[in-house]
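Tertiary structure, described
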Amino acid sequence: METNICAPVLSPIKTIKTSFCNPSFRGRSRRSEFWWFSLFVIVLSYLNETFFISPKWSALSIFGIVIGLVLVYFELVVSFRRFHDIKLSGWWLIFYAIINMISLHFRQLEFGPILKWISSISNFVIFIAFMFDGKNVRNKYGISPKYSISIEDVEIDNNVLSAITNDKISNNPNNKNI
């Protein structure tokens, strides 16, 4: 019987650190990493827009625009890796972005409502896709971050560890030292 051991759930702070320290589009991203980071981006974007973005050009507005671009980049990176975790190419996000841009651009035309519905459906599909759990298998994007545990993530009681190793040594039929 095979037992899957999951890595501990990422805390919001660890998620933000992980997301900003890994600016690569390669690899996979857990659901918790994606959702915590998305919440962080939404809150920070709101604060950025409230305090830094203004209709008048100023140093603060330029600073706000730079913050916004950095947040968009890292959200895109985490979204790509989230798609990788469910065995999809991150390039599907480009298709999603094109649909939404077309919908926004042509919203005033007579077929605008149809495009809005198509955009809404694509938003819903992306939302549902981000909710799927990654599988406990290596795919072409790497190993699962949820099911691969590093020794730093697990706290092991020394008494339990010594009991396990002593039990394995004493039960080993090839061990002639006992």
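Preceding this section is the structure that the text describes.
A brief structural summary. Values in this document were obtained by computation on a predicted structure and should not be read as measured data.

**Some words on the overall build of the protein**
Along the backbone of the protein there are 6 helices and 0 strands. The N-to-C order of helical and strand elements in the protein reads α-α-α-α-α-α. Evaluated residue by residue, the protein yields a buried proportion of 28% over its 178 residues. Here the protein has roughly 12900 Å² of accessible surface; of this, 68% comes from carbon and sulfur atoms.

**Observations concerning the pattern of salt bridges**
Any two side chains of opposite charge can pair, given that their charged atoms come close. Counting across every chain of the model gives 4 salt bridges. Of the charged contacts, one joins Arg28 and Asp85 as a salt bridge, the two residues approaching to 2.8 Å between their closest N and O atoms. Linking Arg28 in the loop between helix H1 (12-21) and helix H2 (31-51) with Asp85 in helix H3 (residues 59-85), this pair joins segments that are 57 residues apart in sequence. Here Arg28 and Asp85 have matching classes, each one buried. Residues joined by salt bridges that share partners form a network here, namely Arg28, Arg82 and Asp85.

**With respect to the nonpolar core**
Membership of the largest hydrophobic core comes to 13 residues, with the highest contact counts inside it found for Phe37, Phe83, Leu93 and Phe130. Of all the secondary structure elements, the ones that give two or more residues to this core are H2, H3 and helix H5 (112-131). Looking at which element gives the most residues to this core, the answer is H3, with 5 residues. Other than its neighbours up to four places away in sequence, Phe130 contacts Arg31, Phe34, Trp35, Ser79, Arg82, Phe83 and Leu93.

**Section: H2**
Over its 21 residues, H2 extends 30 Å from the first C-alpha to the last, a length consistent with the 30 Å expected when each residue adds 1.5 Å. Looking at the buried side of H2, the elements it contacts are H1, H3 and H5.

**Notes on the environment of Leu104**
Tracing the backbone through its elements, the reader meets Leu104 in helix H4 (residues 92-105). Residue Leu104 is classed as exposed on the basis of its relative accessible area of 55%. In the structure, Leu104 is positioned 12 residues away from Lys116 in sequence and 7.9 Å away in space, judged by C-alpha atoms.

**Digging into the side chain of Ser32**
Locating Ser32 in the fold gives a position in helix H2. Excluding residues within four positions of it along the chain, Ser32 makes contact with Val9, Leu10 and Thr15.

**Let's talk about the packing of aromatic side chains**
Geometrically, a pair of aromatic rings is defined through the distance of the ring centres and the angle of the planes. In total, this model carries 14 aromatic pairs according to the counting rule given. With centroids separated by 5.1 Å and ring planes inclined at 85°, the aromatic side chains of Phe52 and Phe63 adopt a geometry described as edge-to-face. In this pair, Phe52 is assigned in the loop between H2 and H3 and Phe63 in helix H3, connecting sequence segments 11 residues apart. On the basis of relative accessible area, Phe52 is assigned to the partly exposed category, the value being 25%. Aromatic side chains Tyr73 and Phe74 sit 5.2 Å apart centroid to centroid with 80° between the ring planes, which places their arrangement in the edge-to-face category.

Definitions and cut-offs
Residues numbered from 1 in each chain as written. Predicted model: local features only at pLDDT ≥ 70, side-chain atom pairs only at ≥ 80, totals over all residues. Heavy atoms only, no water. Helix = DSSP H or I, 4+ residues; strand = E, 2+ residues; numbered from the N terminus. Buried < 20%, exposed > 50% of the residue type's maximum accessible area, 1.4 Å probe, protein only. Areas by Shrake-Rupley, 256 points an atom, 1.4 Å probe, with all protein chains shown as cover. Salt bridge = Lys/Arg side-chain N within 4 Å of Asp/Glu carboxyl O. Core = buried A, V, L, I, M, F, W, Y, C linked by side-chain atoms within 4.5 Å. Contact = heavy atoms within 4.5 Å. Expected span 1.5 Å × (residues − 1). Phe/Tyr/Trp six-rings, centres within 6.5 Å; stacked < 30°, edge-to-face > 60°.

Remember, this is a structural readout, not a statement about activity or role.
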